[in-house]
Amino acid sequence: MDLYEHQARELFAEHGIAVPPAEVVTTARDAAPAARRLGGRVVVKAQVKTGGRGKAGGVKLAADEAAAELTARRMLGMDIKGHTVEKVMLARPVAIDTEFYVSYVLDRAAGTFLAIASAEGGMEIEQVAEERPEAVARIPVDPAEGVTEAVAARIATAARLPATAVPVLRALWRVLVGEDALLVEVNPLVRTTDGHLVALDGKITLDDNARFRQARWAADGPEPGTSPLETEAAAKGLNYVKLDGEVGIIGNGAGLVMSTLDVVAGCGARPANFLDIGGGASAQVMADGLTVILADPDVKSVLVNVFGGITACDQVADGIVRALETVTLTRPLVVRLDGNNAARGREILAGCAHPLVQQATTMDGAARRAADLAHAG
Ligand code: GDP
Ligand code: MN
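Just so we're clear, the structure is a prediction, and the values are computed from it rather than from any experiment.

1. Some remarks on the coordination of the manganese ion (ligand 2)
- Protein coordination of the manganese ion (ligand 2) is provided by N187 (O) and D201 (OD), with donor distances spanning 2.2 Å. Here N187, found in strand β10 (residues 181-192), pairs with D201, found in the loop between β11 (197-199) and β12 (202-206); they are 14 residues apart in sequence, far enough to count as distant.

2. A look at unusual backbone geometry
- Cis geometry is adopted by the peptide bond preceding P188, which originates at N187 and carries an omega value of 5°.
- If you check the backbone angles, D180 has positive phi at about 60° while not being a glycine.
- If you trace the backbone, D180 turns up in the loop between α6 (165-178) and β10.

3. Notes on the sheet that holds strand β2 (residues 42-46)
- Spatially, the four strands line up as an open sheet ordered β1-β6-β2-β3, and their pairing is antiparallel. Every other strand in the sheet has two partners, leaving β1 (22-25) and β3 (59-62) as the edge strands with one partner each. Going across the sheet, the axis of each strand differs from the next one's by a mean of 25°, ignoring polarity.
- Looking at chain direction, β2 and strand β6 (residues 88-91) are connected through four bridges and run antiparallel. In the strand pairing of β6, K45 is matched with M89.
- Set on the sheet, helix α2 (residues 31-38) makes contact with β1, β2 and β6; between it and β1 the angle comes to about 175°.

4. Some remarks on the layout of surface pockets
- Taken as a whole, the largest pocket encloses approximately 1200 Å³ of empty space.
- Lining the largest pocket are 50 residues, with R53, M123, N187, P188 and D201 positioned closest to its centre.
- With five residues, strand β7 (residues 96-107) is the largest single contributor of residues to the lining of the largest pocket.
- Taken together, the residues of the lining of the largest pocket sort by class into 23 nonpolar, nine polar and 18 charged.
- Per-domain counts for the lining of the largest pocket show at least three residues from each of domain 1 (21-91) and domain 2 (96-217).

5. Considering the nonpolar core
- Counting residues in each nonpolar core, the largest one holds 40 residues, and the members touching the most others are F12, Y104, L161 and I204.
- In terms of residue count, α6 provides more of this core than any other element does, nine residues in total.
- Not counting residues up to four positions away in its chain, the partners in contact with Y104 are L114, A115, V141, V147, I155, L169, L172, W173, L176, L182, L183 and V184.

6. So, the site of ligand 1
- Surrounding ligand 1, one finds 15 residues, the nearest of these being K45, R53, G54, V94 and E99.
- Between G54 and ligand 1, the recorded distance is 2.7 Å, taken from a backbone N or O atom to an oxygen atom.
- Taking N187, its main chain carries an N or O atom lying 3.2 Å from an oxygen atom of ligand 1.
- Protein burial of ligand 1: of its 560 Å² of free accessible surface, 80% is covered by the chains.
- A majority-of-atoms criterion places ligand 1 in the largest pocket.
- Those elements that provide at least two residues to the shell around ligand 1 are β2, β7 and β10.
- Counting contributing residues per domain, the shell around ligand 1 is built from domain 1 (21-91) and domain 2 (96-217), each supplying no fewer than three.

7. What to know about the packing of helix α5 (residues 149-159) against α6
- Here α5 crosses α6 at 115°, and the two axes come no closer than 9 Å. Crossing angle aside, the handedness with which α5 passes α6 is right-handed. The residues of α6 that touch α5, namely those facing E149, A152, A153, I155 and A156, are V166, L169 and R170.
- Looking at the contact of α5 with α6 residue by residue, the classes come out as six nonpolar, no polar and two charged.

8. So, the domain arrangement of the protein
- Domain parsing of the protein yields domain 1 (21-91), domain 2 (96-217) and domain 3 (228-375).
- The C-alpha centroid of domain 3 is placed 44 Å from the C-alpha centroid of domain 2.

Rules and cut-offs
- Residues numbered from 1 in each chain as written.
- Chains lettered and ligands numbered in written order.
- Predicted model: local features only at pLDDT ≥ 70, side-chain atom pairs only at ≥ 80, totals over all residues.
- Heavy atoms only, no water.
- Donors = N, O, S within 2.8 Å, 3.2 Å for Na, K, Ca; no water.
- Helix = DSSP H or I, 4+ residues; strand = E, 2+ residues; numbered from the N terminus.
- Pairing = 2+ DSSP bridges.
- Axes fitted to C-alpha atoms, helices over the stretch in contact; angles between N-to-C directions.
- Contact = heavy atoms within 4.5 Å.
- 1 Å grid on protein atoms, 1.4 Å probe; cavity = no way out; pocket = protein on both sides within 12 Å on 5 of 7 lines; lining within 4 Å.
- Points joined across faces, edges and corners; volume = space filled by probe spheres on them.
- Nonpolar A, V, L, I, M, F, W, Y, C, P; charged D, E, K, R; others polar.
- Domains from an automatic or database assignment.
- Core = buried A, V, L, I, M, F, W, Y, C linked by side-chain atoms within 4.5 Å.
- Buried < 20%, exposed > 50% of the residue type's maximum accessible area, 1.4 Å probe, protein only.
- Near = heavy atom within 4 Å.
- Polar contact = N/O pair within 3.5 Å; in protein donor to acceptor, adjacent residues only side chain to side chain.
- Areas by Shrake-Rupley, 256 points an atom, 1.4 Å probe, with all protein chains shown as cover.
- Sits in = over half its atoms within 2 Å of the grid points.
- Left-handed = near helix turned anticlockwise from the far one by under 90°.

This is how it looks when you write it as structure tokens:
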């Protein structure tokens, strides 16, 4: 999950990186008093989870509180690369001497973290990286060692940052580790005309695998771009991704579910979703999964593909039967059970004799059936 700039700044400040005083408002009326508290003259900044705001008109200087209100009014509701501006941050302006770039990012290919830094930060950093890659230092960071004084000094030297950047580099590493982030970026990190280093803009991407430790950001609502069904599924604790096809899919294990998507596609139909019920398949999880999938009007048939390993097929079958007591099945359901206790599971399903439930013994056969039913429906 990406954080808003104002949230990133909050974390920078907590870890000892200086940021200009600022306030966030959601209405233009609130902008004037906020600007007054900040000294009148402010930078008005659209809060959107996308880069390049400055170039898109999302960063404006306002000379006084009246101008701040006017600028906030124009900015709120504005569209920046598909993101609607719902809040703006007012920040006390900083007199800039130099703009630097610093970030840490997980380098999956190299299996480590990477410090990326440049003495030529600011809005043109992408262009600098492309045209003069030698101006951007890329230093691997061993996560076990972390950013020690010596490592920070090495990064600062390689990027031609001032020596005063060393404590900032160390603090930024603490943000990455302490907040479970995959990316922390300060662009620009500025040297003010009176010689202080201040983080003027920040981007943080948190590791969603640590979401259970990040209750602090949950109140912020769903991520922009999340469909209502995904939000509902997430609230039920389901591992669900909405796709744009017509065959609803439930399986156990991410690998099996992905293979199932491929096989359905191979049968000429399109998967409507990814849903991994994981190990064990309680009636509750089945009912929740079916409820979410059937709420998608594009779904014409549903395919349950379970290979019983640790999960026993008779328990999955029980789960389906009990789920059908609470969920009204409105489209055909094809079930393929194989592996641990498959025979018992098939008997249980056959016993329920639901007119919309069919069984298949192979994954290919089940996918073919579900695809045909989707086309017929
Ligand atoms: P971005 O376009 O989304 O990266 O937004 P930034 O917050 O990085 O701002 C873009 C640019 O606006 C910065 O690189 C600065 O040049 C300028 N800027 C932002 N805040 C200030 C400020 O307080 N004072 C001055 N002089 N310039 C600022
Ligand atoms: Mn920036």
